[in-house]
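# Remarks on the overall topology
These are the residues of each chain, in order.
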Amino acid sequence: MGVKASAWLEVLEGLNKGDKIFITSSGISIGRKKGNDLVLEDALVSREHARIEQDLSGFSIRDLGSKNGVLVNNNLVESVSLKNGDIIRIGSTVFRFHMEEEKVDEAVVFEGKKEFAKKQKKASPVRVMIYVLVAFLVFIVLIALFSSKKPPEGTTGKTTEKRDVVEPISPTTTTPSEQPSETTSSKKELTEEEKARFNSIYQQGELAYFQGSYADATNLFKEALSINPECETCKKRIEDCNKKLIEIIKEIDKKAHEFFESLQYQRAIDEWQRILYIVKDPNNQFYIEAKKNIEKAKERLR
């Protein structure tokens, strides 16, 4: 039996969290550059980052030579077949891959391959002719345009050509919404060694964040921020981690008080010890309160 499938991506983390992106039979291109099927305005995403394609056996994802790579189920990949439920991370965005399969007769699949090959052979000469014709028309239009333009007096007639350069993704690269103002244009340029160190630490922070290790993630993002103080994503991640940690600490503290009220002092102490382990800062208010409560519970045990 063969397989006929339709698929989509569910955004788990990122700017468009909750969205669904359906994958067409021709596949989708993913990157930071406008013109991609899926545009991710993220400094960690390359202009042309990855592509998801469909063939007669299913779907696969391919890294297009990106700076920061493609992670599938926390594994760095160059090209891999996708299965239903796979977790894909590109930059700061996390997707879940969904696929619906329909079994079809193997003979139909084989005939489909043969028909596809025939169409490719038939279409080839036609495509070549179309490409030649289009190129010729473009050439004619360009000649007409250049011949109708005269350089203004006092100039050399040379124009500055803007090129679409594929620049390497680095910590100092910003998205359109994060473009620095003129007052910050004199910021320090990172060395290649600093850029590599920043990327490594940032990726570790992202991994810790998605695994729910918010205390470790906070420390990693702070370290990354010390290398590149202009990293707005690091600041946002630290803020998110702090919010999640406060929620966790409050829940632990509530549970500890419940144990204390029910005279289960040792279990209450264990819960408050967890808060000390998470916070680690003796000057933090949560740390101070947990320390006091531990002493109080110990007195009841004596």
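One can find the structure itself at the top, above this paragraph.
First, a word on scope: everything that follows refers to the structure included in this document. (Residues numbered from 1 in each chain as written. Predicted model: local features only at pLDDT ≥ 70, side-chain atom pairs only at ≥ 80, totals over all residues. Heavy atoms only, no water.)

## A look at the packing of aromatic side chains
Overall, the coordinates contain eight aromatic pairs when judged by the stated rule. Taken together, the aromatic side chains of Phe-198, Tyr-202 and Phe-221 make up a single cluster linked through ring pairs. Its end group placed over the ring of Tyr-209, Arg-237 keeps NZ or CZ at 4.3 Å from the ring centre. (Phe/Tyr/Trp six-rings, centres within 6.5 Å; stacked < 30°, edge-to-face > 60°. Lys NZ or Arg CZ within 6 Å of the ring centre and 35° of its normal.)

## Quick look at the side chain of Arg-237
Relative to the helices and strands, Arg-237 resides in helix α4 (residues 232–261). Judged by relative accessible area, Arg-237 falls into the buried class, the value being 9%. Those residues in contact with Arg-237, other than ones at most four positions away along the chain, are Ser-92, Glu-206, Tyr-209, Phe-210 and Phe-221. (Helix = DSSP H or I, 4+ residues; strand = E, 2+ residues; numbered from the N terminus. Buried < 20%, exposed > 50% of the residue type's maximum accessible area, 1.4 Å probe, protein only. Contact = heavy atoms within 4.5 Å.)

## Things to note about a nonpolar patch on the surface
A contiguous nonpolar surface patch, about 640 Å² in accessible area, is contributed by Ile-130, Tyr-131, Val-134, Val-138, Val-141, Leu-142 and Leu-145. Position of Val-134 among the secondary structure elements: in helix α1 (residues 106–148). A relative accessible area of 45% places Val-134 in the partly exposed class. (Patch = residues over 30% accessible without salt bridge, like charges linked within 9 Å, V, L, I, M, F, W, Y side chains within 5 Å. Areas by Shrake-Rupley, 256 points an atom, 1.4 Å probe, with all protein chains shown as cover. Salt bridge = Lys/Arg side-chain N within 4 Å of Asp/Glu carboxyl O.)

## A short note on the pattern of salt bridges
Within this structure, the stated rule accounts for 13 salt bridges. Residue Lys-195 pairs with Glu-189 through a salt bridge whose shortest N-O separation is 3.8 Å. Look at Lys-195 and you get buried, because its relative accessible area is 15%. Here Arg-237 and Glu-206 are joined by a salt bridge, their closest N and O atoms 2.7 Å apart. Taken together, the residues Arg-237 in helix α4 and Glu-206 in helix α2 (residues 192–210) connect sequence positions 31 residues apart.

## Observations concerning the side chain of His-98
Here His-98 lies in strand β11 (residues 93–104). Polar contacts involving the side chain of His-98 include one to the side chain of Glu-10, which spans 2.8 Å. Sequence-distant contacts of His-98, that is, excluding residues within four places in its chain, are made with Ser-6, Ala-7, Trp-8, Glu-10 and Asn-84. (Polar contact = N/O pair within 3.5 Å; in protein donor to acceptor, adjacent residues only side chain to side chain.)

## Re the packing of α2 against helix α3 (residues 214–227)
Contact pair α2 / α3: the axes reach a minimum separation of 8 Å and the direction vectors enclose 160 degrees. The angle between α2 and α3 places the two elements in the roughly antiparallel class. Two packed elements cross with a definite hand, and for α2 against α3 that hand is left-handed. Here α2 contributes Glu-194, Arg-197, Phe-198, Ile-201, Tyr-202, Gln-204, Gly-205, Glu-206, Ala-208 and Tyr-209 to the contact with α3, which in turn contributes Tyr-214, Asp-216, Ala-217, Leu-220, Phe-221, Glu-223, Ala-224 and Ile-227. For the contact of α2 with α3, the residue count by class is 11 nonpolar, two polar and five charged. (Axes fitted to C-alpha atoms, helices over the stretch in contact; angles between N-to-C directions. Parallel < 35°, antiparallel > 145°, perpendicular 65-115°, else oblique. Left-handed = near helix turned anticlockwise from the far one by under 90°. Nonpolar A, V, L, I, M, F, W, Y, C, P; charged D, E, K, R; others polar.)

## Quick notes on the nonpolar core
Judged by nonpolar contacts, the single largest core of 34 residues is most densely connected at Phe-198, Tyr-202, Phe-221, Cys-234, Trp-272 and Ile-275. Breaking this core down by element, the ones donating at least two residues are α2, α3, α4, α5 (265–279) and α6 (285–301). Here the element with the most residues in this core is α4; it accounts for nine residues. Ranked by size, the runner-up nonpolar core spans 23 residues in total, among them Ala-7, Val-77, Ile-90 and Phe-97. (Core = buried A, V, L, I, M, F, W, Y, C linked by side-chain atoms within 4.5 Å.)

## Quick word on the sheet that holds strand β6 (residues 58–63)
An order of β4-β3-β5-β6-β9 is seen for the five strands of this open sheet, with the pairing classed as mixed. Two strands in the sheet have a free side with no partner beyond their single neighbour: β4 (38–39) and β9 (79–81). Here strand β5 (residues 50–55) pairs with β6 via six bridges, running antiparallel. The residue bridging Gln-54 from the neighbouring strand is Phe-59, located in β6. (Pairing = 2+ DSSP bridges.)

## Here's the deal with unusual backbone geometry
Its identity is not glycine, yet Asn-73 carries a phi of approximately 55 degrees, on the positive side. Here Asn-73 lies in the loop between β7 (70–72) and β8 (75–77). A relative accessible area of 35% places Asn-73 in the partly exposed class. Residues other than glycine seldom take positive phi values, yet Leu-263 does so here, at roughly 65 degrees. Checked against the element boundaries, Leu-263 lands in the loop between α4 and α5.

## What about the environment of His-49?
Examined against the element boundaries, His-49 turns out to sit in the loop between β4 and β5. Among the residues examined, His-49 registers a relative accessible area of 0% and is labelled buried. Taking the C-alpha atoms as reference points, His-49 and Leu-64, separated by 15 residues in sequence, lie 5.3 Å from one another. The residues touching His-49, leaving out its near neighbours within four places in the chain, are Ile-30, Gly-31, Leu-44, Arg-62, Asp-63, Leu-64, Ser-66, Gly-69, Val-70 and Ile-90. Only 3.0 Å separates the side chain of His-49 from the backbone nitrogen of Ser-46, close enough to count as a polar contact. A polar contact of 3.2 Å, which involves the side chain of His-49, links it to the side chain of Ser-66.

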